[in-house]
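Residue-level structure breakdown
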Amino acid sequence: MPRLLLAFVLALSTLAPAQAGLFDKNPDQVAQEAVSKNLRAVTLWVDASWGFRNQGAANALSRAHQAFTTRGYDVVSVEPYIENGDLQGFFVTYQKP
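Definitions and limits used
Residues numbered from 1 in each chain as written. Predicted model: local features only at pLDDT ≥ 70, side-chain atom pairs only at ≥ 80, totals over all residues. Heavy atoms only, no water. Helix = DSSP H or I, 4+ residues; strand = E, 2+ residues; numbered from the N terminus. Buried < 20%, exposed > 50% of the residue type's maximum accessible area, 1.4 Å probe, protein only. Contact = heavy atoms within 4.5 Å. Areas by Shrake-Rupley, 256 points an atom, 1.4 Å probe, with all protein chains shown as cover. Phe/Tyr/Trp six-rings, centres within 6.5 Å; stacked < 30°, edge-to-face > 60°. Pairing = 2+ DSSP bridges. Arc of directions from axis to C-beta. Polar contact = N/O pair within 3.5 Å; in protein donor to acceptor, adjacent residues only side chain to side chain.

Turning to the overall build of the protein chain, a few remarks are in order. Of regular secondary structure, the protein chain possesses four helices and three strands. Put simply, the protein chain runs from its N terminus to its C terminus through helices and strands in the order α-α-α-β-α-β-β. In the protein chain, which comprises 97 residues, the proportion classed as buried is 30%. Considering only residue pairs separated by 6 or more positions, the protein chain has 56% of its internal contacts joining residues 24 or more positions apart. On the protein chain, roughly 6,200 Å² of surface is accessible, and the fraction owed to carbon and sulfur atoms is 57%.

Dropping the structure here:
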């Protein structure tokens with residue numbers, strides 16, 4: 001199932017070029033870019049593959065949520081990506097109401 005989700009997100013990024021460049025930036029940059037481009041929805045990759053996964057991932061998600069919430073976006077979904085039993089990160093989708 002995670003591979004299917006990853007394939008879907010990658011396919012979607014090729015169909016929506018405005019979103020394709022958003023995955024390798026920090027959440028604050030992505031949120032600022034989303035506002036400047038007037039994007040109604042954004043999917044962001046939050047990496048959890050280094051450091052202490054549980055605390056590092058929670059902190060990374062909190063930073064992403066704060067960056068988008070302060071710019072008027074709501075969290076729509078948080079999908080964990082697990083590979084070989086290890087948490088790698090999350091696909092987080094934000095949307096303007």
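Our focus in this paragraph is the packing of aromatic side chains. Scanning the model with the defined rule gives four aromatic pairs in all. Ring centres of Phe-68 and Tyr-73 lie 5.5 Å apart, and the angle between their planes is 85°; on these two criteria the pair is classed as edge-to-face. The pair formed by Phe-68 and Tyr-73 is uniform in burial state, with each residue classed as buried. By the ring-pair criterion, three or more aromatic residues cluster together here, those being Trp-45, Tyr-81 and Phe-91.

The next subject is the pairing of strand E3 (residues 86-95). On a regular strand, each side chain points to the face opposite its neighbour's, so the side chains alternate between the two faces of the sheet. Of the strand pairs in this sheet, strand E1 (residues 41-47) and E3 are connected by seven bridges, and their pairing is antiparallel. By the bridge assignment for E3, Asp-47 is matched with Gly-89. Sheet topology note: the strand E2 (residues 74-83)/E3 ladder contains nine bridges and is antiparallel. By the bridge assignment, Glu-83 is partnered in E3 with Asp-86. The loop that links E2 with its antiparallel partner E3 comprises two residues; one of these, Asn-84, has a positive phi angle of about 55°.

Bringing helix H3 (residues 27-36) into the picture now. Looking at H3, one finds that the buried residues are Val-30, Ala-31, Glu-33 and Ala-34. Axial view of H3: buried residues confined to an arc of 165°, hence all on one face. A side-chain oxygen of the first residue of H3 lies 3.0 Å from the backbone nitrogen of Asp-28; this N-cap is Asn-26. Of the residues trailing H3, Asn-38 is marked for its positive phi of about 55°.

What follows concerns the environment of Thr-93. Positionally, Thr-93 belongs in strand E3. Those residues within four positions of Thr-93 in sequence are excluded, and the remaining contacts are Val-42, Thr-43, Asp-74, Val-75, Val-76 and Ser-77. Side chain to side chain, Thr-93 and Thr-43 meet in a polar contact 3.0 Å long.

These figures come from the coordinates and say nothing about function on their own.
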